[in-house]
Amino acid sequence: MSTSTNRAHNFNAGPSALPLSVLQKAQSELLDFGGAGMSIMEMSHRGKEYEAVHNQTIVLLRELMAIPEDYDVLFLQGGASLQFAMIPLNFLPAGKKAAYVTTGAWSEKALDEAKKLGETYEAASAKAGKFSSIPALAELQLQPDTAYLHLTSNNTIFGTQWREFPDTGDVPLIADMSSDILSRPVDVSKFSMIYAGAQKNLGPAGVTLVIIKKSFLATANPQLPTMLKYGTFAKENSLYNTPPTFGIYLMGLVLDWVKQQGGLAAITARNEAKAALVYDAIDASNGFYKGHAVPAARSRMNITFTLATEELEKKFLAEAKQAGFVGLAGHRSVGGCRASAYNAVPLESCQALRDLMLKFQKENG
Ligand SMILES: *Cc1c(COP(=O)(O)O)cnc(C)c1O
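Anyway, here's the lowdown on the structure attached to this text. (Residues numbered from 1 in each chain as written. Predicted model: local features only at pLDDT ≥ 70, side-chain atom pairs only at ≥ 80, totals over all residues. Heavy atoms only, no water.)

## So, the site of the ligand
Right, on to step 1. What surrounds the ligand is a group of 13 residues, the closest being S81, T156, D176, Q199 and K200.
Right, on to step 2. Residue A80 places a main-chain N or O atom 3.1 Å away from an oxygen atom belonging to the ligand.
Right, on to step 3. Contact between the ligand and K200: an oxygen atom at 2.7 Å from a side-chain N or O atom of the residue.
Right, on to step 4. Considering the ligand on its own, with 390 Å² of exposed area, one finds that the protein chains cover 88% of that surface.
Right, on to step 5. Considering every element that reaches the shell around the ligand, the biggest residue donor is helix α3 (residues 79–91), with four residues.
Right, on to step 6. The class makeup of the residues in the shell around the ligand is three nonpolar, eight polar and two charged. (Near = heavy atom within 4 Å. Polar contact = N/O pair within 3.5 Å; in protein donor to acceptor, adjacent residues only side chain to side chain. Areas by Shrake-Rupley, 256 points an atom, 1.4 Å probe, with all protein chains shown as cover. Helix = DSSP H or I, 4+ residues; strand = E, 2+ residues; numbered from the N terminus. Nonpolar A, V, L, I, M, F, W, Y, C, P; charged D, E, K, R; others polar.)

## Observations regarding unusual backbone geometry
Peptide bonds are, in most cases, trans, and in most cases residues other than glycine have a negative phi.
Right, on to step 1. P15 follows G14 through a cis peptide bond whose omega is -10°.
Right, on to step 2. As for its position among the elements, P15 is in the loop between β1 (9–10) and α1 (20–28).
Right, on to step 3. Phi is positive for N237, close to 50°, though the residue is something other than glycine.
Right, on to step 4. With respect to the element layout, N237 can be found in the loop between α6 (230–235) and α7 (245–260).
Right, on to step 5. Using a relative accessible area of 30% as the deciding quantity, one classes N237 as partly exposed. (Buried < 20%, exposed > 50% of the residue type's maximum accessible area, 1.4 Å probe, protein only.)

## Details of the sheet that holds strand β5 (residues 146–152)
Right, on to step 1. Sheet architecture is open: seven strands sit in the order β2-β10-β9-β8-β5-β3-β4, paired in mixed fashion. Only two strands of the sheet have a single neighbouring strand rather than two, namely β2 (71–76) and β4 (119–125). Neighbouring strand axes in the sheet, compared pairwise and without regard to direction, differ in orientation by 20° on average.
Right, on to step 2. Sheet topology places strand β3 (residues 97–102) next to β5; four bridges connect them, and they run parallel. By the bridge assignment for β5, A98 is matched with Y148.
Right, on to step 3. Relative to strand β9 (residues 193–197), α3 is tilted by about 155°, and along the sheet it contacts β2, β3, β5, β8 (173–176), β9 and β10 (208–213).
Right, on to step 4. Contacts from helix α4 (residues 105–115) reach β3, β4, β5 and β8 within the one sheet, and its direction differs from that of β3 by about 160°. (Pairing = 2+ DSSP bridges. Axes fitted to C-alpha atoms, helices over the stretch in contact; angles between N-to-C directions. Contact = heavy atoms within 4.5 Å.)

## Structural notes on helix α10 (residues 347–364)
Right, on to step 1. In this model α10 runs 26 Å from its N-terminal to its C-terminal C-alpha over 18 residues, within 8% of the 26 Å that 1.5 Å per residue would give.
Right, on to step 2. What α10 keeps buried is the set S349, C350, L353, L356, M357, F360 and Q361. Buried residues along α10 cover an arc of 130° about the axis, so they all sit on one side.
Right, on to step 3. Among the structural elements, β1, α8 (263–283), β12 (302–306), α9 (310–322), β13 (325–326) and β14 (337–340) are those in contact with the buried residues of α10. (Expected span 1.5 Å × (residues − 1). Arc of directions from axis to C-beta.)

## Details of a nonpolar patch on the surface
Right, on to step 1. There is a patch of nonpolar side chains on the surface, built from L30, L31 and M41 and spanning about 320 Å² of accessible area.
Right, on to step 2. With respect to the helices and strands, L31 occurs in the loop between α1 and α2 (48–65).
Right, on to step 3. Here L31 falls in the exposed class, since its relative accessible area comes to 72%. (Patch = residues over 30% accessible without salt bridge, like charges linked within 9 Å, V, L, I, M, F, W, Y side chains within 5 Å. Salt bridge = Lys/Arg side-chain N within 4 Å of Asp/Glu carboxyl O.)

## Some thoughts on the packing of α9 against α10
Right, on to step 1. At a closest axis distance of 11 Å, the pairing of α9 and α10 adopts a crossing angle of 130°. Here α9 lies oblique to α10, going by the angle between them. Seen along the crossing, α9 lies across α10 with a hand that is right-handed. In contact with L312, K315, F316, E319 and A320 of α9, α10 contributes L353, L356, M357, F360, E363 and N364. (Parallel < 35°, antiparallel > 145°, perpendicular 65-115°, else oblique. Left-handed = near helix turned anticlockwise from the far one by under 90°.)

## Focus on the pairing of β9
Right, on to step 1. Taken across its five residues, β9 has five buried, putting it largely inside the fold.
Right, on to step 2. Neither face of β9 is open: one carries M193, Y195 and G197, the other I194 and A196, and all of them are buried.
Right, on to step 3. Direction of pairing for β8 relative to β9: parallel, over a ladder of three bridges. Within β9, the residue paired with I174 across the bridge is M193.
Right, on to step 4. Pairing of β9 with β10 involves five bridges; the strand directions are antiparallel. Bridge pairing links G197 to T208 in β10.

Printed below as a string of structure tokens:
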């Protein structure tokens, strides 16, 4: 095993850090997968070697997330962004309305796509507070004839995260979990559909995970092009056409790693400890660092904060870069700083960030 000494402190927002052992395993199998004399990328997606990888990845997802039997696990392409359109195409019929909770840039994009395809409304919005909070469950206003309620479980850009999810009764609940899937246990049975682009917590970009309740899937619009129908993927075990084989293989390795870490309970505890290191540095700074999210809505994945002036932020980011930190600049639309501490970011990187923040404050406070 090579050492990790030349690995950056990678706080990229996405694509983002992958576990070192996963990269090493992929490297060791890159030229010769299981004695086949070729990499997994060079094989038929209809062959038995790839099929085993494909199915094992689904088995691991089912196990780690405790996905009930009456849900399908699908691999799509087009990113979470294509889901913004596929969801209304499949599940927003004329005469019904789709409800969206807008808690950040991604949920607004999801709503904007749905607006092009049918009738929508905002069940609640956190926009007035610059997306620094999550609406209270009691604030959600559901109208009659609602086709589904869509929410974004973690707001990657603003750094807020739902702690608990609404009980929507007969109204199907759909969640974009792109930036916190597999970071904590979730009761899948509360949702009719969960989706996520892979590139934050699951693997490399190129795979989109969809977990969908079979009875909900059965209500989908049948008059759609083949590749825009969830049913196509469900019927063919996501092998109707060529899936992103390498991405699914790598996702399988990441899931193996999650399991080796002790599953979601262990991952959750570590994510909480990691985020606490950085939030504690913010809270103990007497306002030198200002967290964007209100404490009750703080994301454990994306920690957003500002310094007193843009000049000071630039200086902080420059010193961070010098010290081997990557990805700490805030999203181009909001500025400030953002530390994305996804599953694969080691505790040591968060400790190092905390130390850097304390040192920088001492020298500049
Ligand atoms: C990154 C992200 C997206 C966009 O994902 P793509 O795979 O690039 O389309 C959507 N939603 C959330 C919450 C994200 O974090």
